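Geometric and topological summary
The lines below spell out each chain.
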Amino acid sequence: MTATSAPAPPRGAPAPEPPRIRSRARSEWKGLAFTAPFLIVFLLVFIAPVAYSAYLSLYREQLVGGNAFVGLDNYLELFTDPQFWEGFGRVALFLLVQVPIMLGLALVAALAIDSARLHASGFFRIVIFLPYAVPAVVAVLMWGFIYGDNFGLAANINDWLGSDVLTPFAREWILVSIGNIVTWEFVGYNMLIFYSALRVIPTDLYEAAELDGAGPIRVVTGIKLPALRGAIVIATIFSIIGSFQLFNEPNILRTLAPNIITTYFTPNMYAYNLSFNGQQYNYSATVAIVMGVITAVIAYVVQLRGSRKEER
């Protein structure tokens, strides 16, 4: 009895693909089909607007010749624009002061709720998170009427004291007033991030710490805070992005304090007013591109430093 073998392919003909390669190619096409809706939306709502803004930033509308290509002239002009740098310095100061306070309050609230020593912790969790559920416009209008010099809570307190003790719309206090609104809005959001990270800590670690005689402070510093490092990095990145995107709060309060909050109070307000009020679309796109790059670089540095600390 003789064994038969598969006929050899004719000389010069391409060798058939192995079944494993065909299966892998088929799987890649299936994966691409599943991700295609996201990729299409991502291209339309993110890549396309950014590319178009970059394109606009290279042109300038001129009286003679219309929209002309100017290369990097818009960027060179922006780097010497005092109004842009004034707004940028304001949001940078806002970031350095408001973000640590907000994240510190959120961290304390999350630790308190997770400690099992706080009665009605579910109630406090909902109450702290509730301001985040309030629409930003509604929240700013509510605080704006509280801040009002001639009406609202601040005015009533000043009338009762017989002196202008509370002046939220004063030039030296306006950034603090906006920071108070943003903190009130987003403490609950960041608290939920921290609390979710605390809930996934294995209970074995707490039991081992209890057997070793560790007290509540030692549990916080030795177990909870190291476990929260990733969540803190994420919350910090979100807060950095939100600070550089500061727009709703000052833009709405501007109707109540028009002499204090200028059209270039923040870079986002500057870009908005350049585009919709000044019809300077090209220069507005330049502001947007520069702020996007600055925000991305700072957020990346924070993420990089946070990941290095986690590896250590």
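All residue numbers refer to positions counted from 1 along the written sequence of the respective chain. Where totals are concerned, whole chains, interfaces and linings use all residues; where local detail is concerned, this predicted model gives features only for residues with pLDDT of at least 70, and gives and counts side-chain atom pairs only at 80 or more. Based on all heavy atoms of the structure, the side-chain values leave hydrogens and waters out of the count.

**Looking at the overall build of the protein**
- Runs of E in the DSSP output that reach at least two residues are strands. Runs of H or I that reach at least four are helices, and both are numbered from the N terminus. A tally of regular secondary structure across the protein gives 13 helices and two strands.
- For every residue, the accessible area (1.4 Å probe, protein chains only) is compared with the maximum for its type, and the residue is labelled buried under 20%, exposed over 50%, or partly exposed between those bounds. Looking at the protein as a whole, 34% of its 312 residues are labelled buried.
- In what follows, residue pairs with any heavy atoms lying within 4.5 Å of each other are defined as contacts. Counted over contacts in the protein with a minimum sequence separation of 6, partners at least 24 positions apart contribute 65%.
- Here, Shrake-Rupley sampling with a 1.4 Å probe gives the accessible areas, and only protein chains in the shown set may cover a residue. Summed over all atoms, the accessible surface of the protein reaches about 19,800 Å², with 66% contributed by carbon and sulfur.

**Quick word on the packing of aromatic side chains**
- Here the aromatic set is Phe, Tyr and Trp, taking the six-membered ring for Trp, and pairing holds for ring centres within 6.5 Å; pairs whose planes are under 30 degrees apart are stacked, those over 60 apart are edge-to-face, and all others are tilted. Evaluated as defined, the whole model comprises 20 aromatic pairs.
- Both rings, one in F84 and one in F88, keep their centres 6.3 Å apart while their planes meet at 25°; by these two values the pair is stacked. Placement of the pair is F84 and F88 together in helix α3 (residues 82–114), with a separation of four residues, close to one helical turn. Neither residue differs from the other here; F84 and F88 are each classed as buried.
- Seen in terms of ring centroids, F88 and F244 are 5.8 Å apart; in terms of plane orientation they differ by 10°. Their pairing is stacked. Pair noted here: F88 is in helix α3 and F244 is in helix α10 (residues 229–244), with a separation of 156 residues, a long-range link.
- The class for F88 is buried, based on a relative accessible area of 16%.
- The buried category is assigned to F244, whose relative accessible area is 3%.
- Every member of this aromatic cluster is reached through a ring pair, and the members are Y52, Y55, Y59 and F69.

**With respect to unusual backbone geometry**
- The backbone of Q279 sits at a positive phi, close to 60°, despite the residue not being glycine.
- Tracing the backbone shows Q279 in the loop between α12 (267–276) and α13 (281–311).

**Details of the nonpolar core**
- Nonpolar cores are built from buried Ala, Val, Leu, Ile, Met, Phe, Trp, Tyr and Cys residues. Side-chain atoms within 4.5 Å join them into one set. The biggest cluster of nonpolar side chains holds 60 residues, and the ones touching the most others in it are I178, F194, L228 and V287.
- Take this core: its biggest share by element is 14 residues, from α3.
- In this view, F194 contacts L103, A106, L107, A110, L228, A231, I232 and A235; residues no more than four positions away in its chain are not counted.

**With respect to the pattern of salt bridges**
- Salt bridge criterion: a side-chain nitrogen from Lys or Arg within 4 Å of a carboxyl oxygen from Asp or Glu. Tallying each qualifying case throughout the model produces four salt bridges.
- With its nearest N and O atoms 2.9 Å apart, the salt bridge here joins R90 to E86. Of this pair, R90 and E86 both sit in helix α3, four residues apart, which is roughly one turn of the helix.
- Here E86 falls in the partly exposed class, since its relative accessible area comes to 38%.
- The structure contains a network of salt bridges with shared partners spanning D114, R199 and K224.

**So, the side chain of T183**
- Among the structural elements, T183 can be located in helix α7 (residues 174–199).
- By relative accessible area, which is 12% here, T183 ends up buried.
- In this structure, T183 is in contact with Q98, M102 and L105, ignoring residues within four places of it in sequence.

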